[in-house]
Amino acid sequence: MSEYNQGDIIRITGFKRQLFVIVSKNAFINATGIFHVCPMLSNIQAGPIHIPVCGKKSESGTVICEQIKAIDPRARGCNRVDSLAYEDIMNVSDAVQGIFEYD
C-alpha cells in the first residue's frame, strides 16, 4: 500500500472524474490505516466551507468541507494525483475543524 498524507489529492476507484483531498492528520492515518476525504469539485463558488485550492501539479477545484467521508485505501482503489501546499492544507483543515467546534 502506498503511503498517503494529509493534503494529498487522490482519485478513488468508482468515481470517474471526481478528485478528493485527504483531510485526516498524518498521525491518524499512520495509526489507523484509514483517512478522511472531502470532494474537490470544479465550477463551485467559494465560501466559508468551500475552499478553492490548486495542487502543486496544477489540479484545481473547490474542496467541499462539509462532505467528509472515511476511506479504507486497502478496500478501495486509491491513487495520488497531486498534493496541496501547506497553506491550502491549513485553510481546508480550519474549515473542517470549524464545522465541529462548539457554540
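Treat the numbers as computed from the prediction; the structure is a model and nothing was measured. (Residues numbered from 1 in each chain as written. Predicted model: local features only at pLDDT ≥ 70, side-chain atom pairs only at ≥ 80, totals over all residues. Heavy atoms only, no water.)

### Looking at the overall build of the protein chain
Inference 1: Counting secondary structure elements, the protein chain contains two helices and seven strands.
Inference 2: Along the protein chain, helices and strands appear, N-terminal first, in the series β-β-α-β-β-β-β-β-α.
Inference 3: Its C-alpha radius of gyration of 13 Å places the protein chain within 12% of the 13 Å reference for a compact globule of 103 residues.
Inference 4: The principal-axis extents of the C-alpha atoms in the protein chain amount to approximately 35 × 30 × 25 Å.
Inference 5: Expressed as a percentage of the 103 residues in the protein chain, the buried residues total 38%.
Inference 6: Approximately 6300 Å² of the protein chain is accessible, and the part contributed by carbon and sulfur atoms is 50%. (Helix = DSSP H or I, 4+ residues; strand = E, 2+ residues; numbered from the N terminus. Rg over C-alpha atoms; globule rule 2.2 N^0.38 Å. Buried < 20%, exposed > 50% of the residue type's maximum accessible area, 1.4 Å probe, protein only. Areas by Shrake-Rupley, 256 points an atom, 1.4 Å probe, with all protein chains shown as cover.)

### Things to note about helix H2 (residues 86–100)
Inference 1: Here H2 is 15 residues long and its end C-alpha atoms lie 22 Å apart, about the 21 Å a rise of 1.5 Å per residue gives.
Inference 2: Among the residues of H2, those classed as buried are Asp88, Ile89, Val92, Ala95 and Val96. Angularly, the buried residues of H2 cover 135° about the axis, an arc narrow enough to put them on a single face. Within H2, the exposed residues directed more than 90 degrees away from the buried face are Tyr86, Glu87 and Asp94.
Inference 3: Summarising the contacts, the buried residues of H2 are in contact with strand E3 (35–41), strand E4 (50–54) and strand E5 (60–64). (Expected span 1.5 Å × (residues − 1). Arc of directions from axis to C-beta. Contact = heavy atoms within 4.5 Å.)

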